[in-house]
Amino acid sequence: MQLKTYLFNRGIFTQSVRNVGWIGIAYVLCLWFALPLQILMISSNQKEYKLHYAFVSENLFRFSDPFQIFMIFIVPVLLAIFLFRYMQVKLSSDYIHSLPIKRSALFHQNLLIGIIMLVVPVLITGFSLLILSSFVEAPTLLNLTVIGQWAGQTILLSLFVFMAAVFVGMFTGSSVLQGSLTYILFIMPAGMTVLFFMNVKYFLHGFATDYYLSNQMSNIVPYIKAAELGNTSLTMSEVVAFILVTIVFYMIALFAYSRRKVESATHAIAFRPLQPVFLYGVTVCSMLLGGMYFGETQGTMGWRIFGYIVTSIIGYFVALMILEKSWRVLTKWRGYSIFTAFMIILALLIKLDVTGYENRIPNADNIERVYMADSIYMLEDRHSFEEVNQQYQEQYYYKEAENIENILNLHKQIVESQGRFDYSSGFYRRAYFVYELENGKKLVRQYRVPETFYSEPNEYYSKVLESHEHKWNANVALRITDSNLINKITITPNRGMKQLTIFKREDIESFHQTFQKELKETSNEDLRLNNGTWGTIEYLMKGNQWLYSDWKKIHEEVEAWLIDRDLLKQARLTAEEVEFAVVIKKDREYLYEYNYSVDFNEFANRTDAIRIDRANEIEAVLKVRHGMTVVNS
């Protein structure tokens, strides 16, 4: 009798089921609408049935996937709010906690009801899909394995969201805040990470923001992971991670509930020691958000400081109003003053670089290889390629000692030029340096450098460009040592619909050798400058793999090879195809106006235009290498 009294209360259980039973009924109806009904609707339409890709897939999340994900993140939160609503209202909190039932039993009783409301609708829908498989022909979709995977992942994510909402509810005395803070909790790790890294880069020259942020967001944002279920199922490690986090939420929630005071109902934060955490947490996030916004949109230190000050003040007093449930807080500046002093000291410590981060460049003897590019995308641990693609993909790693030394010197030049770059005007590129050290560690740096840093002569950059290793990295054609692997070569010009295909074995070998020789002999000056292209050279390799290279205007030996065989007209635009050309001065005003969609007659009638009719002069114009734009006639 005593066991029944302290571990289970039929009256409370019945009342809780009445309170949230409608959520369970609504949930199962929504699931039926999202899956069995959708499948029936599609199957009843023969044309749609044949076209619908989802019927031949092995993933039930492809049906109404936004709606399914919406339910996964809405229904559990509603359940948690309604089941533990009594804690947030003073009268009901006093009443429920005065009953002869242990808090842990009350907690588990509500938890059990919530789990039933989330699991049973999914099982009913899964059973409905199994019955439906007898009437709808979709053997790859409506089978026990696929339905089981869908049900398992839906239940797992639902319980994770439910337990997170219960966890948040233990720390707040407001149902509105419980719902709001639950969704904030899901994006908090990613949001805090982004805000922190985006602001640190303003104070630390070379901080590799993109490296730390790329490919990591989906792993720490449940919304993104759930949205991907239509394409990829959860991996075993992700399943284990969700289970572990759910268990952690459960244990902390149970512990907090056992120590929560009854009078904390209606308080924004139920535990007084956590109120400063909420207050300054909101202030810090607001400050970082403001700094990032003005930093990215305005790009100057003055606007960033403006953003830090204004948004931190707003965040501080909004949080204070929530905690004290009053707007009469505008005279309480003491806490904000302490916060400001702490932030100034922290900013100075970062700016003064007391750890030597900005000037830390590894010794050449300790470097195994170095990645240098203007994008982080091709870094091997950022992007996975199939083995065959790894062989022919453009490379950005350098191992030769001379190249490592030149890259180090180039890196030092950028470090020393800190503050000398004028970021208020002109074009900029990213510069990434990733040093893989012999001890297995990595040193990563990211910079924003002017375009002229690459285009103007630079001793160390020129030596890297002229190296055999760089040419081998940048030109896939140099990595094809056996021309017998090439099935055919196709040249596609930038203009027109024509195309030249080289089939004969001797022609393939001859062209490939010519192209390789040209690539090896390309000068540093030609590599640095944008000299324009005639078109694309495509290699069809054995195994049906296509490899691409630019046919640049500097590749004159390739052009001579084509002229010798009377193939030039098939490979690119020639003077014979042009009636006349019009030349004007390229200035900023007309840079975009005369780009592709121009009225050619208006263009030709300009007073400053020069008309060219002779074939040799047109050919000379076509061969202009720097920034020529061809417009439609």
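Residues numbered from 1 in each chain as written. Predicted model: local features only at pLDDT ≥ 70, side-chain atom pairs only at ≥ 80, totals over all residues. Heavy atoms only, no water.

(A) The overall build of the protein, seen in detail. Across its full length, the protein holds 28 helices and 10 strands. Burial statistics for the protein: of 633 residues in total, 45% are counted as buried. Counting every atom, the protein has about 33,900 Å² of accessible surface; 60% of that belongs to carbon and sulfur. (Helix = DSSP H or I, 4+ residues; strand = E, 2+ residues; numbered from the N terminus. Buried < 20%, exposed > 50% of the residue type's maximum accessible area, 1.4 Å probe, protein only. Areas by Shrake-Rupley, 256 points an atom, 1.4 Å probe, with all protein chains shown as cover.)

(B) Geometry of the nonpolar core. Counting 101 residues, the largest nonpolar core has Leu-60 and Val-166 as its most contacted members. At 16 residues, helix 9 (residues 144-169) tops the list of elements feeding residues into this core. Those residues in contact with Leu-60, other than ones at most four positions away along the chain, are Leu-35, Ile-39, Gln-68, Leu-129, Leu-141, Leu-142, Val-146, Ile-147 and Trp-150. Membership of the second largest hydrophobic core comes to 31 residues, among which are Ile-502, Ile-508, Tyr-539 and Leu-547. (Core = buried A, V, L, I, M, F, W, Y, C linked by side-chain atoms within 4.5 Å. Contact = heavy atoms within 4.5 Å.)

(C) Geometry of helix 3 (residues 36-44). Pro-36, Gln-38, Ile-39, Ile-42 and Ser-43 are the residues of helix 3 that are buried. The buried residues of helix 3 occupy an angular sector of 165° when the element is viewed end-on, so they sit on one face. (Arc of directions from axis to C-beta.)

(D) Representation of the confidence of the model for the protein. Mean pLDDT over the protein stands at 83; residues scoring 70 or higher make up 88%. Mean pLDDT across the elements of the protein ranges from a minimum in helix 1 (residues 2-7), with 52, to a maximum in helix 9, with 93. Within the model, pLDDT remains below 50 along residues 628-633, and this stretch shows 17 contacts once partners closer than five positions in the same chain are excluded. (pLDDT = per-residue confidence, 0-100.)

(E) Highlighting the packing of helix 2 (residues 10-34) against helix 3. Where helix 2 contacts helix 3, the axes come no closer than 3 Å and their chain directions differ by 25°. Taken together, the axes of helix 2 and helix 3 are roughly parallel relative to one another. When helix 2 is examined against helix 3, the residues Leu-31, Trp-32, Phe-33 and Ala-34 are found in contact with a partner set consisting of Pro-36, Leu-37 and Gln-38. (Axes fitted to C-alpha atoms, helices over the stretch in contact; angles between N-to-C directions. Parallel < 35°, antiparallel > 145°, perpendicular 65-115°, else oblique.)

(F) Spotlight on the sheet that holds strand 5 (residues 486-493). Across the sheet, 4 strands lie side by side as 6-5-7-8; this open sheet has antiparallel pairing. The open sheet has two edge strands with one neighbour each: strand 6 (500-502) and strand 8 (545-552). Ignoring which end each strand starts from, the neighbouring axes of this sheet average 20° apart. For strand 5 and strand 7 (residues 533-541), the ladder comprises 7 bridges, and the chain directions are antiparallel. Within the sheet, the bridge partner assigned to Thr-492 lies in strand 7 and is Thr-536. In the packing of helix 23 (residues 505-521) onto the sheet, the strands contacted are strand 5, strand 6, strand 7 and strand 8, and the crossing angle to strand 5 comes to about 60°. (Pairing = 2+ DSSP bridges.)

(G) Molecular detail of the sheet that holds strand 4 (residues 442-450). Spatially, the 4 strands line up as an open sheet ordered 2-1-3-4, and their pairing is antiparallel. The open sheet terminates on both sides in strands that have one partner only, identified here as strand 2 (397-398) and strand 4. Direction of pairing for strand 1 (residues 367-373) relative to strand 3 (residues 428-437): antiparallel, over a ladder of 6 bridges. Each residue of the ladder has a partner; that of Arg-369, found in strand 3, is Glu-436. Across the sheet, helix 19 (residues 401-416) lies against strand 1, strand 2, strand 3 and strand 4, angled at about 55° from strand 1, the strand it touches most.

(H) The packing of aromatic side chains, seen in detail. If you walk through the whole model with that rule in mind, you get 38 aromatic pairs. Taken together, a centroid distance of 5.7 Å and an interplanar angle of 80° make the contact between Phe-73 and Phe-186 edge-to-face. Here the residue Phe-73 occupies a position in helix 5 (residues 65-83), and Phe-186 occupies one in helix 10 (residues 175-203), the gap between them amounting to 113 residues. Assigned by exposure class, Phe-73 and Phe-186 land together as buried. Each ring, one from Tyr-183 and one from Phe-186, has its centre 6.4 Å from the other, and the planes form 70°; the classification is edge-to-face. One end of the pair, Tyr-183, and the other, Phe-186, are both in helix 10, 3 residues apart, so they sit about a helical turn from each other. Look at Tyr-183 and you get partly exposed, because its relative accessible area is 25%. (Phe/Tyr/Trp six-rings, centres within 6.5 Å; stacked < 30°, edge-to-face > 60°.)

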